[in-house]
Amino acid sequence: MNALCCCQGEGGEDDKREDHEWPREFGLSVPNNAPYKFSYFDEFGRKVARMESNYVITSRYTWWNFIFYNLWDQFHEVANIYFLFVGFLQIWPEISTTGGVPDTYIPLSFILTVSAVRAAFDDYAKHKDDNARAAIPFLVLDPDYANKNPGKTKMPRRAGGNEPKAPTGYFYKSSGQLMPGDIILINQNQVFPADILCIATAHSKGHCFVETASLDGETNLKIKESVACVHDMLPIRALKDDEKDEKKRRSDIYAAVSEASAPLKKISGTIAFGAPDKDLDKLQGSINVGWEGKSAAKASKLRGNNLLLRGTKLKNTAFIIGLVLYTGPDTKIRKNNEKKGQLQLKKSAIIRKVNTLLLWMLCLQIGLCVLGGIYSGIWERDNNGAFYLNLSSSAAVGAILRFFTWFIILAQLVPISLVVTSELTKKNQQILMEGDVKLWDDKKGPLKVNYGQVSEDLGQVEYIFSDKTGTLTQNKMEFRLAFIGSEAYGSSDTEIAKRVRLKEELAKDPTKKVEKVPWTTTVNNLEKEMETEGGGLKFPAETKEEMMQLMWSKTTADTPQAELVRNYLTHMAISNTITPVADGDNIIYNSSSPDELALCNFASHIGFRFVSRSGAEGSAVVCVEEDRCGHKVKVNYRLQAVLPFDSVRKRVTVVYSCMDRKTVWIMCKGADSSVEPLLHLSEDAAESEREKKAMENIKASLLEASNYGLRTLLVAEAKTDFGWWEAHRKEFLAAKDLQPDGKKTKQQVKEERRAIYRKIEVEAKLQLLGATAIEDQLQDLVPECIEDLLEGGIKVWMLTGDKRETAKNIAMACNLIEPDMIALKAPEDIHAAGALDKFRINSAEALSENRLIEITGKWAALKDDEKSLKDLYKLIDENGDGTVQREELQMIFHVLKLPTDKKFFEEFKSTDPNHITEADFVKFIQSTDIDVVKAIREDIKAGMDRVNSITDLDKNPVSMVVEGGGANSALGKISEAPKSAGLENRDPSLVERIFPCFRREQEIKMSKKDLEILLLKEDFFELASMCKSVIACRCTPLQKAWVVEEMRERTGAVCLAIGDGGNDEPMIKKANVGVGIVGEEGSAAAQAADYAFGQFRYLHTLLLVHGSWSYERISIMVLYIFYKTTIAAIVQFFFGFFSGFSGQILFNPWIFIPYNAAFTAVPIIVVAVLDQGLPAEALENIPKAYRSRISRDQLFGTRIFFRWIMNAVVHTAIVFFTAFWCLDTTGITFPNGQVHGLWLTSMTVYSIIIFMVSFRLTFEMRSITWIHHFFFWGSLALYVLVAIGLNVLPTLNPDLFFVAFAMWANPQAWLTAILTGSLPLLLDLAIRGIKIELFPSYQDLLRERCLLRDYKKENVETFRFQPRQKRAVEKKHEEGVQHFKHKLNEATRRKQTGNTGQAQMEMVIKTLLRWRDLTGAILDATEEDANTLQYDTGREGKIGNSDEKKIS
């Protein structure tokens, strides 16, 4: 077996592989012997020793490696390693200040224990989830084992125990024990536990429906097919759909399964397939199946639609029988996620910054220790004669020993309490977040915090990367408008329509101001609407009543318009591939297309309910129940054919006949550009003119509807006698049966089939019936939420797998694209004949005003697409006479503002020198050399020019649309670029800094192709960083993750990713903060995320409120902890000036140890958990408060950090030297004749520091509650009680015996404490007052407004935000790229080829195609949908009671 076989795509030479060429192979048998007899090779050609079990591990630790791995994780923290070293130094008696006792290990052990307990609880929850999933029972075929273990044939009690006995030969096996080769039974609504090859289904044609909501968030169904060579050999019995007794129905299903599975007991053969990979849609290999007693084995190729993926759910299918193929870590969805060994714990931006600042504090500590050691050595040398001091024999040795002594004393500069304080703070913050009722969803529950260690990052988010389907939208289509004949029914009042109208009003009246509705008011209004609003279709009730009266009223029922409405609704009801399922009196529609589902629901709402689709006794009949003003009548039609939708046809056509097969009805709907050419004009001139006028009106209406964000479809029909269909049936069946062979490729077969389908549609002579307009429903308050996030300075990227047109419509509805960004507007006289075509060219000048940049690069493939070139020529040929004058073409280029010269026109070699024909035009374009990279570069360059022409990007923001998907897409090409890390200038060495002449030039080696793509990537992200929003369409999961990782690494900004499906998991894990939307089905994204909630709008509260609070709280906590520990360390250093830097400590250890652990620990935790810089209502209603934190007034950074450190040094100097001056021992005596000593002075200084540090914290409190008071005064009271206790216990601590009482009895000590404690605080108050008064920040202004209670009033702000300062990582990256480009330009002399005309023509093509008319919606029904339906075969079947409607 060759293990190095790579499978690329489907068909072609890969289909010619023999079985032994696939990397994986095992035999088919019952019982399953595959785990003992298989042949597996990995991608490196190495033989795999064992199969993977189906147990999936998402946890990080196990019971046996927890201690080692957790300690390994914790000692990656710089602070923990530091204190481990300090404790080691304390053991050395010559330098120890604790008598050789490593007391540092006591708090260190406490910190490690707290962190370990927290990690253990988090990981235990993941273990429980893993075990729960692995314990789910599934039915596996093994008759011998089932007979020997009858207890295994019953559902375990823990799993429900209510199921009937297993089918014959099946037994229950837990999910975690499944192995490749197991034949498994999956019932309806069960989730697939592994990647399973479908070999049989309950449907006779071998198809089944699968819901992939847990992977991609889409609730519409996908169609999968079974392997034909197995399914065709099994006796599949038809099941009754109308059985209401669930227990009896399940018994019937199990009986059918037993009958179908009987031949499987004698199955044999082999299956060979590819190694597991990340491609969700690909499966390649072959299966050779033999049956005992039959000589010939049957073989089938394996395809992607045979594979049922782990995590998806079986729907609308009673059962499937499958063969387990990939298990556990080998499954597709697990391959798309990071491996366990590569998973790294996330760290917040502040914690990462602290780790860097700790190194600076360590440098400061070492510097002070060096000074202390040198000063100590000098002092010992000068006092060498003082033998009673027991000094070192050598001053140098003494200096070295004192260096380490001071290292131990100054260890307070690195706060050991920071880690445990952070742990306790974030745990309490997590509890408060989860208890916030504003983040509670009635259906999906409260906010769930999976990993709260990044809570402060929520207040620093600069980029949001969002999925679309299921995250921004509900993936539910809402019918809005029905255009029937010359009438329109419904409303186009969408979110986009409201904003477009508002923008138009503001353009007409610039003085008009729009009062923004506060977020809290918007939420309250929504909640009230939800309480009063009922379910059902949001279609105007009066319009419904009008349509009902028109159709069935005696006075209007016979009018032409009434007939058109009835035909239209019948079309909406049955012109689809939907399968209706009866659920009591209700009908449930299962469809793979949400568009078709919306149309069918609309028809049902108006009274045309699609009841059933049956295939009894060879007939194919659909039934529609018509509500004729209360009188319900069932009408049947025979399904004759479905000409399915694909991305080229962009339409679907369904052929029905009446029950007596005398008349046929051809129904067609699709994009207007694909349906309009099929319409047949009347031979009567007057009638033909009327039809043209109707078409122009419809096109104008569709254009307006698409501008309002609606997905539009054109609807046409034709009715003729059945003989016409009999003449075309053979053509349809021949086209349907076309298959690739040695002479025709798969693509050629598709093109031939499309040609036959088009011929049938053209000869049907279709007539225009009307059009539809559907809205893709957004989640509640998504536009308002995104508008506030953008106002808050956050840039939003929408990463979706949808097509570009759909993505742009949704982006416009979500406020990601403003309506005025697209300058191209329809003229008011659009109804005039030809006006629409004229406006396409004549309005091209507006392209220069567009602020929507599109990066597609698709025009590079034009030279191979003759049809698109001809369409382009028709756009240029305004008169339609087949020629374009050179002067006319030159004028068009001038309008487009593109540079041209005479050389360009000389390239056209046409027969007529003054006219250019279509053939000449196509030939010239096809001769050009256009590649994708160049096309993308031109798009990016045009975008950069547009951005640079805008003076104020805040006032006129820019958005961008980029095409993703395959390797030839724009994003696909850009993602192929090598890493940019090599471009950054390396830091020069010390020698190079001193002697610049020795600095070596950076050498980079890469291919020309990699170089071009690398520069393309740099330009792309430079442009993207200037856009307020980016829409990336057709993105794969890996492209999403790549984009997030690139932006995170190159900018250093905090990136948040939000999604709802399993395909969003890689993106969520790559982001600094991952947020999951808990979907109706599955929770893969929610489990992988740091935060999970029910709706996108909750992101507003999570970021603007909890994020702002957490960022401010954690910043204050970190700065304050460093502040108080710096004071405790520096005061000891200042005392060294009085002790000869001998290492004598100032404070008694018994009173000093609780300084961080007790006396000053709890108040800062309370502030970090409960403090509110601004009220929640103000933060929600004023998004700019968030922007002020990420633009200039950052709360935490190197500058702010060292400002606090300097503040601590100044405060310490004031306190220490003032206190020592006031408490001079020579000038103060007590009544008993004693003088001040070391411990009384140190006790006084220590008390001053405790009270000063505590009161300094009050300056940072923005809200004070009784909890603040309790713990603030309680901590001070605790100090007093501890001081009293240590002073009255002489045996415990004789040095402090009655020292505190003596201090409190001395008035001078009280005056000293008041004076020295007040001076630093008064200095801080003065500086703070001057700053707020003269240089207020936006936060200061808002806080003042909140205190005055006027933040709800209209705010005409004059505060102007400064641009965000670039981080060091951004500056370094940009400098490296510019340096690289400079060197590249010096080394490469590009020659001008002179082919200017060719390049300019490429630019013309690109520009024109950028705004091609794209009003048609995409209908998602697929060819597989049509293949699952049964057609009329000409035989009669029993239908039941109904009316047989004649098609006239």
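Conventions we followed
Residues numbered from 1 in each chain as written. Predicted model: local features only at pLDDT ≥ 70, side-chain atom pairs only at ≥ 80, totals over all residues. Heavy atoms only, no water. Helix = DSSP H or I, 4+ residues; strand = E, 2+ residues; numbered from the N terminus. Buried < 20%, exposed > 50% of the residue type's maximum accessible area, 1.4 Å probe, protein only. Contact = heavy atoms within 4.5 Å. Areas by Shrake-Rupley, 256 points an atom, 1.4 Å probe, with all protein chains shown as cover. Pairing = 2+ DSSP bridges. Expected span 1.5 Å × (residues − 1). Arc of directions from axis to C-beta. Phe/Tyr/Trp six-rings, centres within 6.5 Å; stacked < 30°, edge-to-face > 60°. Lys NZ or Arg CZ within 6 Å of the ring centre and 35° of its normal. Salt bridge = Lys/Arg side-chain N within 4 Å of Asp/Glu carboxyl O. pLDDT = per-residue confidence, 0-100.

**What about the overall build of the protein chain?**
Alright, step 1. A tally of regular secondary structure across the protein chain gives 49 helices and 37 strands.
Alright, step 2. Here the protein chain holds 1448 residues, and 53% of them are scored as buried.
Alright, step 3. Within the protein chain, counting contacts between residues at least 6 apart in sequence, those at least 24 apart form 76% of the total.
Alright, step 4. For the protein chain, the exposed surface amounts to about 65600 Å²; the carbon and sulfur share of it is 55%.

**Description of the sheet that holds strand S33 (residues 1029-1033)**
Across a sheet, paired strands are connected by hydrogen bonds in the backbone, their directions being either parallel or antiparallel.
Alright, step 1. The 9 strands are arranged S15-S36-S35-S34-S16-S28-S33-S32-S29 in an open sheet whose pairing can be described as mixed. The open sheet has two edge strands with one neighbour each: strand S15 (448-449) and strand S29 (852-855).
Alright, step 2. One ladder, built from 3 bridges, connects strand S35 (residues 1073-1077) with strand S36 (residues 1091-1093); its direction is parallel. Its bridge partner being in S36, Ile-1077 is matched across the sheet by Phe-1093.

**Quick word on helix H20 (residues 746-763)**
Alright, step 1. For H20, spanning 18 residues, the distance from its first C-alpha to its last is 26 Å, which sits close to the expected 26 Å at 1.5 Å a residue.
Alright, step 2. Where H20 is concerned, the buried positions are Val-749, Arg-753, Arg-754, Tyr-757, Ile-760 and Glu-761. Taken around the axis of H20, the buried residues stretch over an arc of 135°, which confines them to a single face.
Alright, step 3. Just downstream of H20 lies Lys-765, where phi reads positive at about 55°.

**Considering the pairing of strand S26 (residues 711-721)**
Alright, step 1. For S26, a buried count of 8 out of 11 residues is recorded, marking the element as mostly surrounded by other parts of the structure.
Alright, step 2. In the sheet, S26 pairs with strand S27 (residues 767-778) via 7 bridges, with the strands oriented antiparallel. In the strand pairing of S27, Leu-714 is matched with Ala-771.

**What about the environment of Leu-1014?**
Alright, step 1. Inspection of the secondary structure assignment puts Leu-1014 in helix H31 (residues 1008-1025).
Alright, step 2. Separated by 39 residues in the primary sequence, Leu-1014 and Ser-975 place their C-alpha atoms 9.1 Å from one another.

**Notes on the packing of aromatic side chains**
Alright, step 1. Under the definition given, this model contains 50 aromatic pairs.
Alright, step 2. On the numbers, 5.8 Å between centres and 80° between planes, the contact of Phe-26 with Phe-273 is edge-to-face. Of the two residues, Phe-26 sits in strand S1 (residues 24-27) while Phe-273 sits in strand S9 (residues 267-273), which places them 247 residues apart along the sequence. Each member of the pair Phe-26 and Phe-273 is classed as buried.
Alright, step 3. Ring plane angle 75° and centroid distance 5.1 Å describe the contact between Phe-1020 and Phe-1021, whose orientation is recorded as edge-to-face. Both residues of the pair, Phe-1020 and Phe-1021, belong to the buried class.
Alright, step 4. Through pairs of rings, three or more aromatic residues link up here, namely Phe-1147, Phe-1152, Tyr-1155, Phe-1159, Tyr-1246, Phe-1251 and Tyr-1279.
Alright, step 5. For Arg-24, the ring lying beneath its charged end belongs to Tyr-40, and the centroid distance is 4.2 Å.

**Describing unusual backbone geometry**
Alright, step 1. In this structure, Pro-31 follows Val-30 across a cis peptide bond, with omega equal to 5°.
Alright, step 2. Its location among the elements puts Pro-31 in the loop between S1 and strand S2 (38-40).
Alright, step 3. Here the phi dihedral of Cys-629 falls at roughly 55°; this positive angle occurs in a residue that is not glycine.
Alright, step 4. Residue placement: Cys-629 occurs in the loop between strand S22 (621-628) and strand S23 (631-643).

**Things to note about the sheet that holds strand S5 (residues 183-187)**
Alright, step 1. The antiparallel open sheet is built from 6 strands, whose spatial order is S4-S3-S5-S14-S6-S12. Across the chains shown, the open sheet's two edge strands, defined by having one partner strand only, are strand S4 (170-174) and strand S12 (307-308).
Alright, step 2. With 6 bridges joining them, strand S6 (residues 195-201) and strand S14 (residues 319-326) adopt antiparallel strand pairing. When the sheet's bridge partners are listed, Asp-195 is paired in S14 with Tyr-326.

**Quick look at the pattern of salt bridges**
Note that side chains of opposite charge can pair when their charged atoms are close.
Alright, step 1. Inspection of the entire model under this criterion finds 38 salt bridges.
Alright, step 2. Between Glu-775 and Arg-480 there is a salt bridge; the shortest N-O distance is 2.6 Å. With Glu-775 in strand S27 and Arg-480 in strand S17 (residues 473-484), this residue pair connects regions lying 295 residues apart in the sequence.
Alright, step 3. The exposure class assigned to Glu-775 is buried, which follows from its relative accessible area of 13%.
Alright, step 4. A residue is classified by how much of its surface remains accessible, and Arg-480, at 17% relative accessible area, is buried.
Alright, step 5. One salt bridge connects Arg-1262 with Glu-1260, and the closest N-O pair in it is separated by 3.7 Å.

**Regarding the pairing of S33**
Alright, step 1. Taking burial as the measure, the 5 residues of S33 include 5 buried ones, the bulk of the element.
Alright, step 2. The two faces of S33 match: Ser-1029, Ile-1031 and Cys-1033 on one face and Val-1030 and Ala-1032 on the other face are all buried.
Alright, step 3. In this structure, strand S28 (residues 795-799) lies alongside S33, joined through 4 bridges in parallel fashion. Note on S33: the bridge partner recorded for Trp-797 is Val-1030.
Alright, step 4. Here 5 bridges tie strand S32 (residues 959-963) to S33, and the two strands are oriented parallel to one another. Counterpart to Ser-959 in the pairing with S33 is Ser-1029.

**Description of the side chain of Ser-258**
Alright, step 1. Looking at the secondary structure, you find Ser-258 in helix H7 (residues 246-261).
Alright, step 2. Note on Ser-258: relative accessible area 17%, which makes it buried.
Alright, step 3. Those residues within four positions of Ser-258 in sequence are excluded, and the remaining contacts are Pro-167 and Thr-168.

**Looking at the confidence of the model for the protein chain**
Alright, step 1. When pLDDT is averaged along the protein chain, the result is 77, and 77% of the positions lie at 70 or above.
Alright, step 2. A low-confidence stretch, residues 824-848 (pLDDT under 50), is modelled with 46 contacts involving residues beyond four sequence positions or located in other chains.
Alright, step 3. Per-residue pLDDT stays below 50 along residues 1389-1425; that stretch engages in 99 contacts with residues further than four places along the chain or on separate chains.

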